[in-house]
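# Chain and residue survey
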Amino acid sequence: MLAAVRSPCRRGAAVASNAIRHPRSSFATAVDVGGLKVATVNNGQPSASVTVLVKAGSRYESKPGVAHFLKNFAFKNTADRSALRIARESEYYGGVLSSSLGREHLALTAEFLKGDEAFFVDVLSSILTSTRFTPHEFAESVLPSVQAESSEAAHDPALTAVEIAHALAFRKGLGSSLFASPAGPTVTPEDVKAFASSAFSKSGISILGTGIDSSVLTKLVEKSLSSLPASGSSGAASVATKYHGGESRVLAETHGTQTVFVGYGSQGAPSPELSVLAAHLSATPSVKWSDGTASTFSNLPQGSKVQTVLLPYSDATLFGFLVQAPTSEGVLQAGKAVVAGLKEASGSSSIRPEAWKKAVAKAKFAAATALDTRQGLLDAIARQTITGAKADVQSTFASIEKVSAQSAASTLSKLTKSKPVYVAIGDIQSLPYADELGL
């Protein structure tokens, strides 16, 4: 503190320099522990977490909806502990257990105080090696929770639009829904157990830790998960993603929020050009409750909202915009503004140097602040362990800074020449069709 008083400018420069360098040293290289990838980040956090990342997302499921059921079977009865015991002991240690599902991975996470890692790694290990998949838990707990989550998702127009957009863009694989459909095939405990058996293997699992030393986590993983098979019975196989596009209209609450999704998909690894374009085309102001200094989309009607969607995956990306308004007319006007903005941005000469500089800065800021959260750190480590791509701030900044207005415009131009993804949710009698927006 005294140094700060004596030399605030020098200290400020030093802090900024250290803040940039710090993430580089905190990202550990993934190590192989008996066939399992283990990586950690330890920035001196007061708490710790361990996430088991399983290649069991919806794109790999053997039956529609089975990945959703597997997620909700987490932390149920195992060979050594009942679900009640798992809950009670976790509460005793003050920790939190959770599971989440993505299109590519199932994440089983334990968050806890430092010093309790042995217990929670043991719990996570037992979920992988000895979950019993009992019929009574399936009927009494798993099935009702799956149905409740699917119903809640179906009543969220924005989430529904994004789910349908994936199906139109990629059809199978990444197009598979995160939610089990009531109209889908019946899923049984045996189906879930078989899917788990194929997914819970060393070849499809990565262990990610935050706030925990690499040597500690490595020893615990080696002790607890050495019995996992090297590969699953069928392996998590998936064909290479192919982009298709298409249009869909779904009748929903006609007097509620009207929603459309306008977007495109790309094949291959995620590109930094799309990250900068997402920042450039974002309608979210930097100052809350303000309209911003220069929105890319002009003449947005009162009450309308435009949200940029950028969802990168290992071999494809979904890029687009959620447009919502109280009325279909508002969606029409806002949708036209979005399409006009896309067409304008596809010409590099139309992007002013000042606007492009702001877009690059916003993209860098978004990448940096993502690492301020535990989930952001886990996402970064996951990319590093699974794809081998560097996840530190410097590497991300370097890739963003290499993006020019010309290369971004070229990327967007290629996207917009393909068949778009268009989804309308709400009063489909009055909501616009894709061609009415200029697509």
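Below is a summary of the structure that appears in this document. (Residues numbered from 1 in each chain as written. Predicted model: local features only at pLDDT ≥ 70, side-chain atom pairs only at ≥ 80, totals over all residues. Heavy atoms only, no water.)

### Points about the environment of Ile86
- Residue position: Ile86 is located in helix 4 (residues 83-93).
- For the pair formed by Ile86 and Lys76, sequence separation is 10 residues and the distance between their alpha carbons is 7.9 Å.
- Apart from residues lying up to four places away in sequence, Ile86 is in contact with Phe75, Lys76, Thr78, Arg81, Leu97, Val123 and Ile127. (Helix = DSSP H or I, 4+ residues; strand = E, 2+ residues; numbered from the N terminus. Contact = heavy atoms within 4.5 Å.)

### Digging into the packing of helix 12 (residues 353-370) against helix 14 (residues 393-401)
- Relative to each other, helix 12 and helix 14 sit at 160°, their axes nearing to 10 Å. Between helix 12 and helix 14, the crossing angle belongs to the class labelled roughly antiparallel. The interaxial crossing formed by helix 12 with helix 14 has right-handed handedness. Counted together, Val360, Ala363, Lys364, Ala367 and Ala368 of helix 12 and Thr396, Phe397, Ile400 and Glu401 of helix 14 form the full contact between these two elements.
- Residues belonging to the contact of helix 12 with helix 14 are distributed by class as follows: 6 nonpolar, 1 polar and 2 charged. (Axes fitted to C-alpha atoms, helices over the stretch in contact; angles between N-to-C directions. Parallel < 35°, antiparallel > 145°, perpendicular 65-115°, else oblique. Left-handed = near helix turned anticlockwise from the far one by under 90°. Nonpolar A, V, L, I, M, F, W, Y, C, P; charged D, E, K, R; others polar.)

### Comments concerning the sheet that holds strand 6 (residues 205-210)
- Pairing within the open sheet is mixed, and its 6 strands lie in the order 1-2-6-3-5-4. The outermost strands of the open sheet, each flanked by one partner alone, are strand 1 (31-33) and strand 4 (96-101). The average angle at which neighbouring strand axes cross in this sheet is 20°, direction not considered.
- Bridge count for strand 1 against strand 2 (residues 36-41) is 3 bridges, and the pairing is antiparallel. (Pairing = 2+ DSSP bridges.)

By themselves, these observations are geometric and do not establish any function.
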